Amino acid sequence: MSQAQIPRAQDPAKCPLAEINAFDPALLQDPYPYFSRLRAEAPVFRDPKTNIVSVSTYDLIQKVNTQPRLFSNDFSEQLRSGSATAMDPDELAILSEGVLVKNTMLTADPPAHTRYRKLAMKAFTYKRVDGMGEYVAKVANALIDQFVHDGGCEFKSAFANLLPMTVIADSLGVPRSDMDRFRLWSDAFVVQLGGVSDRETRIDAARKIVEFQRYFIERIEEKRKAPTDDVVSALVHADLAEEGDPRKMDYAELLSIIQQLRVAGNETTAHSLTAGLYYLLSNPEHLARVRDDGLSVANFVEETLRYLTPTNNMWRVVTQDMEFGGVALKKNDLVLLRYGSGNRDAAHFPDPDRFDPGRENAKTHLAFGSGIHSCLGAQLARKEMATAFPIVLSRLKNVRLAQDGKTLRYNPNILLRGVLELHIAFDKG
């Protein structure tokens, strides 16, 4: 059954779980009443309309993530189509003009996952990311310079999108002159992940993904001939011999890793920066605490990640018949790990629907996943957010929500919980 055929839920807080359209764009605006129902009534729930199994409690999600042999990450078909439904033939034809990327990290299992992740981690070592504070601050200040005298802005497009996008583009060796194209490619991958876009939007996204691939194939060939000090060059010249493979990575492998680094280093951070500022401006007490006490910034970042959970859900594929959480699972069943639900589980986070920058166990959130597939860009995201928020609060005097910025709206997306915009006002600098 296609998503368009699934009945629209009247009220996800009241009607039977089996009648709720979990992919309804209206529900995706606020999935938390539905998540609360799942945790209370069916922590492991097989949706009779789609046959997709949801896992919604913190402990059960953690249990799945510690058993990669039983719950595979080889969900590449779902990632390409954004859902459990078949891809449109025209969309598939366009993507076939490009490169069919290999399963490397996100959609791979050990031992392949272990090998590729080890290679990618060389580009984002703890030492390298930890030393990026001054550089991130420079980028943040340069962005604020563009609007600080205006007395207001749409924060997501003016700052939150551009900070992580600039950082990852610089890391990948993309010229600043190509940033507009880089953003369009980023949007295309988000559409592919979403699973709720219309046909025309998805076909346009497919064209942009092929364009992205062709662009980076040119960059790959440039790096082969003349190595440079950036991530793409490091990956192109990575020596696989130490991993037991006497060759260099091909286009399918390189494009897969580059694509994942771009997503990990961009979208989720942009959404978290936007939502985090909204949480502060909605509560003067929180704002004063974070602005005046630099020691609380790191914990505020963790609570923002928990509360928003930008990667709200993630796929897994069952590898064998078994029972899990009292529910019979079959080989090849699709599982959705409800990270956003796990991060609102009162059994782990007391009073979970309250935003609390001082929450003692905030850092145990699932926003970056857990286990062997925890987000490769987690450290970079934390560095960018912890660096950016004090600068924003210091430079934007009397910053406040504009009249049309008092309610957040989200881009309907199955996997990513993305804030669309945030209008703010401040005293002209």
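We now turn to the structure provided with this report. (Residues numbered from 1 in each chain as written. Predicted model: local features only at pLDDT ≥ 70, side-chain atom pairs only at ≥ 80, totals over all residues. Heavy atoms only, no water.)

Within the largest apolar cluster, 94 residues are counted, with the highest numbers of intra-cluster contacts made by F159, L163, F216 and I424. Tallying contributions element by element places helix α12 (residues 199–225) first for this core, with 10 residues. Within the second largest apolar cluster, 29 residues are counted, among which are L60, V318, F324 and L329. (Core = buried A, V, L, I, M, F, W, Y, C linked by side-chain atoms within 4.5 Å. Buried < 20%, exposed > 50% of the residue type's maximum accessible area, 1.4 Å probe, protein only. Helix = DSSP H or I, 4+ residues; strand = E, 2+ residues; numbered from the N terminus.)

Moving on to the packing of helix α15 (residues 267–281) against helix α17 (residues 297–308). Two numbers describe how α15 lies on α17: the axes approach to 9 Å, and their chain directions differ by 105°. Considering their axes alone, α15 and α17 lie roughly perpendicular with respect to each other. Counting all contacts with α15, which are made through H271, S272, A275, G276, Y279 and L280, the residues of α17 involved are F300, T304, L305, Y307 and L308. (Axes fitted to C-alpha atoms, helices over the stretch in contact; angles between N-to-C directions. Parallel < 35°, antiparallel > 145°, perpendicular 65-115°, else oblique. Contact = heavy atoms within 4.5 Å.)

Spatial strand order, β1-β2-β8-β5-β3: five strands in an open sheet with mixed pairing. Across the chains shown, the open sheet's two edge strands, defined by having one partner strand only, are β1 (44–46) and β3 (71–72). In terms of strand pairing, strand β2 (residues 53–55) meets strand β8 (residues 334–337) through three bridges, oriented parallel. What sits directly across from V53, in β8, is V335. (Pairing = 2+ DSSP bridges.)

Moving on to the pattern of salt bridges. Enumeration over the complete set of coordinates arrives at 27 salt bridges. Ionic pairing is found between R395 and D145, a salt bridge with its closest N-O pair at 2.7 Å. Taken together, the residues R395 in helix α19 (residues 378–395) and D145 in helix α8 (residues 133–145) connect sequence positions 250 residues apart. On the accessibility criterion, R395 (26% relative accessible area) is partly exposed. For D145, a relative accessible area of 42% translates into the label partly exposed. E421 is paired through a salt bridge with R409; the nearest N and O atoms lie 3.1 Å apart. Here E421, found in the loop between β11 (418–419) and β12 (423–425), pairs with R409, found in the loop between β9 (400–401) and β10 (410–411); they are 12 residues apart in sequence, far enough to count as distant. One network of salt bridges, with partners in common, ties together D178, R181 and E211. (Salt bridge = Lys/Arg side-chain N within 4 Å of Asp/Glu carboxyl O.)

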